[in-house]
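Examining the three-dimensional arrangement
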Amino acid sequence: MLTPVMSRHWDDVDSFTLEGYTRHDGYTALPSALAMEPDTLIALVKDAGLRGRGGAGFPTGMKWGFIPQGSEGQAAKPHYLVVNADESEPGTCKDTPLLLANPHVLIEGIAIACYAIRSSFAIIYVRGEILHVVRRLQQAVLDAYAAGHLGKDIGGRAVDGVGGFDLDVVVHAGSGAYICGEETALLDSLEGYRGQPRLRPPFPATHGLYASPTVVNNVESIASVPAIVLGGAEWFAGMGTEKSKGFTLYSLSGHVKNPGQYEAPLGITLRQVLELAGGMREGHQLKFWTPGGSSTPLLTAEHLDVPLDYEGVAEAGSMLGTKALQCFDDTTCVVRAVLRWTEFYAHESCGKCTPCREGTFWMVQILERLEAGTGTEQDIETLLDTCDNIFGRAFCALADGAVSPIVSGVKYFREEFVAHITNRGCPFDPVASTVFSATTSVMGGTA
Ligand SMILES: Cc1cc2nc3c(=O)[nH]c(=O)nc-3n(C[C@H](O)[C@H](O)[C@H](O)COP(=O)(O)O)c2cc1C
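Computed from a predicted structure; not experimentally measured.

Taken together, 23 residues lie around the ligand, and Gly52, Gly54, Gly181, Asn218 and Ser221 are the ones closest in. Secondary structure elements with two or more residues in the shell around the ligand: strand S6 (214-218) and helix H18 (397-422). When residues in the shell around the ligand are grouped by element, the largest group, three residues, is from S6. Partitioning the shell around the ligand into residue classes produces eight nonpolar, ten polar and five charged. Each of domain 1 (18-232) and domain 3 (334-427) contributes no fewer than three residues to the shell around the ligand.

With that settled, the discussion passes to the domain arrangement of the protein chain. Along its sequence, the protein chain is carved into domain 1 (18-232), domain 2 (247-329) and domain 3 (334-427). Computed from C-alpha atoms alone, the centre-to-centre distance between domain 2 and domain 3 is 23 Å. In this complex, domain 2 contributes eight residues to the contact, which on the side of domain 3 involves ten residues. In terms of residue class, the side of domain 2 that touches domain 3 is made up of four nonpolar, four polar and no charged.

If you look at the biggest cluster of nonpolar residues, it comprises 133 residues, and the most contacted ones within it are Leu81, Val82, Val83, Ile110, Ala111, Ile112 and Ala113. The dominant element in this core, judged by the number of residues it contributes, is helix H6 (residues 103-117), at eleven residues.

The rules behind the values
Residues numbered from 1 in each chain as written. Predicted model: local features only at pLDDT ≥ 70, side-chain atom pairs only at ≥ 80, totals over all residues. Near = placed C-beta within 6 Å. Helix = DSSP H or I, 4+ residues; strand = E, 2+ residues; numbered from the N terminus. Nonpolar A, V, L, I, M, F, W, Y, C, P; charged D, E, K, R; others polar. Domains from an automatic or database assignment. Contact = placed C-beta atoms within 7 Å. Core = buried A, V, L, I, M, F, W, Y, C linked by C-beta atoms within 7 Å. Buried ≥ 20, exposed ≤ 12 C-beta atoms within 10 Å, placed from the backbone.

Written out as structure tokens, the structure reads:
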């Protein structure tokens with residue numbers, strides 16, 4: 001069931017060093033990539049069927065192909081690759097372990113991607129709070145320069161017959177705002193502005209960083225590329241399902257026996273991941289879970305056999321998102337969990353648009369009343385009505401994510417919301433309920 005490709009050597013004590021990486025074929029994909037034409041490389045990634053691992057699942061090769069090439073207009077401007085390592089959503093915790101365990105696979109992926117899109121400048125935008133990751137990345141970049149994998153005339157390969165392939169990589173520490181993971185807010189933040197999403201079109205592919213052609217890709221997307229170059233498109237596409245191909249990292253957290261990263265082909269089910277992880281903690285049942293972080297609609301125990309690929313999860317009424325499988329057992333008060341997530345979104349709303357800025361604030365007020373037992377059944381309707389007025393009407397997807405746990409929470413557990421009203425308080429024993437420590441540790445691990 002498990003296909004450790006990316007995480008194969010994470011147990012090595014020196015997996016994060018240049019020596020540790022090169023011992024296991026590290027930096028051998030780069031010369032193979034440089035032996036191809038850039039467009040052949042883009043076609044390879046397209047054929048492999050790699051889809052962005054940052055949440056939306058957009059085909060990576062197609063995104064690279066959108067970068068205008070040539071010497072006229074936008075194409076003549078510098079091209080940029082920006083790696084999104086902001087990872088801030090509650091429950092989402094795959095890029096941080098990947099970067100800690102093997103920063104060089106990302107750097108090799110960056111070099112290959114930059115060669116393909118004809119870019120000589122890449123930025124890794126990483127959460128500033130995770131200082132240990134920032135430092136590890138900075139050291140890895142320095143080591144890659146020293147070994148000649150970055151810098152001038154890499155691999156002695158001319159690009160399109162003109163000059164050598166030069167590449168500079170900068171590690172940029174963000175200041176810790178969830179909105180700065182949204183790709184256009186990230187670009188504004190990089191340019192020194194307050195991180196707020198941009199209106200699209202124009203899209204980053206033509207008018208991204210400094211109004212120049214830019215690819216923004218997630219850490220895991222880019223880190224998957226060296227294996228595709230070495231193994232080939234057919235090998236990669238041979239894993240996973242028809243439309244969701246390859247291997248990926250599933251992050252299991254919550255009330256489970258062995259939380260952690262589980263690398264498997266797309267399409268594995270939560271039941272299978274739980275089997276690998278030893279199941280839910282002793283004596284308790286799965287109550288609800290998120291397939292891809294807190295911004296993806298909740299699912300329940302009846303969805304244990306849903307294939308965890310983009311199509312399967314969508315069919316079940318949710319989204320695969322970042323594949324952050326947060327599992328909550330029968331001791332968890334769903335109203336309290338939803339309230340905690342909503343507080344997060346209200347805090348992280350950038351304030352640019354009214355539906356999100358005002359809506360998330362009011363949703364917290366209503367949920368606080370409901371959780372405290374001072375709400376009314378009308379409050380549940382007002383809450384759903386507010387969600388309805390936010391979804392699809394905000395400037396970016398942060399607000400859509402904010403309403404996801406609320407709408408799905410009421411859909412599956414309306415009786416629990418009502419029980420708070422009729423009981424005039426939370427029906428859960430506040431001592432036996434572990435929801436506070438569970439959500440705190442999940443959020444604390446990734447914030
Ligand atoms: C509020 C918000 C936060 C986001 N945070 C991240 C993030 O931390 N990391 C990430 O890769 N994508 C994040 N995204 C998605 C990015 O906008 C973008 O789709 C992604 O970086 C593209 O990379 P991919 O095509 O490789 O998936 C976020 C989106 C939104 C709306």
